[in-house]
Amino acid sequence: MTTDELISRACPLINDLGYRYYFVPETRAQGEALGLDVFQFYFLGRGGALGDVDAAVVHSAFGYFNPAVVEAMWASGSEKVSPRDAAAAHFACAAALGRSRLAGLAGLPEFCAAAERVVAAAEPAGLTLFAAFRQAPLVEDPEGRALQLVAVLRELRGSAHLVAVRASGLSDKVAHFLTRPEAMTLFGWPEGDVPEVDDSHHAAREAAEAMTDRMVAPAFGVLDAAGADALVAGIEAIAAAFEG
């Protein structure tokens, strides 16, 4: 398959699966053990990969959220747990979910090998959250490692997409509204606080999507035919395991 075909088949599943560990009961329980509610653990756990930084840095890497929400969650969470400790605990939750859902799944070592090649080949400049996630140690077992790698790959395309959104002339708030208008309040924007958009905004969003694919293509393009097949087969098998 071509690199474009690989991206079109793998990336939607990576996007859907890479966040699955955020809000499952086991992750919620781990956060509570640290004294954090599920939202504090999300912001501090995901953003903590950046280190002990200011909330404005976290927002710049996340995008899309109301900055006031990021500030509130980051400040209240970091009073209880250091960001780096929260990040390690949060990333461990990805491994734990992988172990519980992917036990015995065929093809995981091959998937991991292919995913690691993509991660290693990706150019991190400008992709702040991906660069931070790429530094996190991976567990050794293929079940846990596979879901951690899915999370890292999700941050690769997500970070690239945020850059592409801004390069296409959209604000992150407008881009979020165009993609998930029903989730504005979930991301901290007040009810009714929605931007006005027209055809030019929709065209810019389409341009951002295409630019995102171009930005990640060199990393996915390092895979040979066997590697591409392993990545697609693996992510499709992981998706099927979560649907079962």
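Overview of the structure. (Residues numbered from 1 in each chain as written. Predicted model: local features only at pLDDT ≥ 70, side-chain atom pairs only at ≥ 80, totals over all residues. Heavy atoms only, no water.)

1. Re the packing of helix α1 (residues 3-17) against helix α11 (residues 199-220)
Axes are the key here: two packed helices are described by the angle between their axes and the distance separating the axes. As a reminder of what qualifies: Interaxial angle, 0 to 180 degrees, is taken between N-to-C directions of lines fitted to C-alpha atoms, where a helix line uses only the stretch in contact. Numbering goes from the N terminus for both helices and strands, where a helix is a DSSP run of H or I of at least four residues and a strand is a run of E of at least two. Angle categories are assigned with fixed cut-offs, so that under 35 degrees is roughly parallel, over 145 is roughly antiparallel, 65 to 115 is roughly perpendicular, and the rest are oblique. Working rule for contacts: check all heavy atoms of both residues, and any pair within 4.5 Å makes them a contact. Note on residue categories: nonpolar means Ala, Val, Leu, Ile, Met, Phe, Trp, Tyr, Cys or Pro, charged means Asp, Glu, Lys or Arg, and polar means any other residue, Gly included.
Where α1 meets α11, the axes come as close as 10 Å, and the angle between the chain directions of the two elements is 105°. Considering their axes alone, α1 and α11 lie roughly perpendicular with respect to each other. Along its contact with α1, which presents Thr 3, Leu 6, Ile 7, Cys 11 and Ile 14, the element α11 presents Asp 213, Val 216, Ala 217 and Phe 220. Across the contact of α1 with α11, the residue classes tally to seven nonpolar, one polar and one charged.

2. A word on the state of the cysteines
How we decide: Any cysteine sulfur atom paired with another within 2.5 Å is treated as part of a disulfide. For every residue, the accessible area obtained with a 1.4 Å probe (protein chains only) is divided by the maximum for its type, and the residue is called buried under 20%, exposed over 50%, and partly exposed between those limits.
Scanning the entire structure with this criterion turns up zero disulfides. Among the cysteines around Cys 11, which has no disulfide bond, Cys 112 carries the closest sulfur, lying 17 Å off. Overall, the relative accessible area of 7% leaves Cys 11 in the buried class.

3. Brief notes about helix α6 (residues 83-101)
Residues lying three or four places apart along an α-helix face the same way, a consequence of the helix completing one turn every 3.6 residues. Under the convention used in this document: The span expected for a helix works out to 1.5 Å for each residue beyond the first.
If you check α6, its first and last C-alpha atoms are 27 Å apart, about what 19 residues at 1.5 Å a residue would give, namely 27 Å. Of all the positions in α6, only Pro 83, Ala 86, Ala 87, Ala 89, His 90, Phe 91, Cys 93, Ala 94, Ala 95, Leu 97 and Gly 98 are classed as buried. The inward-facing, buried residues of α6 abut α2 (25-33), α3 (38-47), α5 (67-78), α8 (128-134), α9 (142-167) and α12 (225-243).

4. Here's the deal with the layout of surface pockets
Applied cut-off: The pocket and cavity definitions rest on a 1 Å grid over protein atoms only: a 1.4 Å probe that fits but cannot leave marks a cavity, an open set with protein on both sides within 12 Å along at least five of seven lines marks a pocket, and residues lining either have an atom within 4 Å of a point. Grid points are joined across faces, edges and corners, and a volume is the space filled by probe spheres set on the points.
Its boundaries defined by the atoms lining it, the largest pocket holds a volume of some 1,100 Å³. Lining the largest pocket are 41 residues; nearest its centre among them are Asn 15, Tyr 64, Arg 154, Arg 180 and Phe 187. Only α1, α3, α4 (55-62), α5, α9, α10 (172-179) and α11 provide two or more residues apiece to the lining of the largest pocket. A per-element tally of the lining of the largest pocket places α9 first, with eight residues. Residues of the lining of the largest pocket, tallied by class, amount to 23 nonpolar, eight polar and ten charged. Considering only enclosed or pocket space, the second largest pocket measures out at about 260 Å³ in volume. Lining the second largest pocket are 15 residues; nearest its centre among them are Ala 87, Ala 88, Phe 91, Ala 136 and Pro 137.

5. Things to note about the side chain of Thr 212
To be explicit about the condition: Here a polar contact is recorded for every N or O atom pair within 3.5 Å, except that within protein the pair must consist of a potential hydrogen donor and a potential acceptor, and residues adjacent in sequence are included only if both atoms are side-chain atoms.
By the element assignment, Thr 212 lies in helix α11. You can call Thr 212 buried: its relative accessible area is 0%. A distance of 2.8 Å separates a polar atom in the side chain of Thr 212 from a polar atom in the side chain of His 161. Within the structure, Thr 212 has its side chain in polar contact with the backbone oxygen of Ala 208 (distance 2.7 Å).

6. Considerations on the environment of Leu 223
Mapped onto the fold, Leu 223 is located in the loop between α11 and α12. Residue Leu 223 is classed as buried on the basis of its relative accessible area of 11%. Remark: the alpha-carbon pair of Leu 223 and Glu 243, spanning 20 residues in sequence, is separated by 27 Å. What Leu 223 contacts, discounting residues up to four positions off in sequence, is Leu 6, Ala 114, Arg 117, Val 118, Ala 228 and Leu 231.

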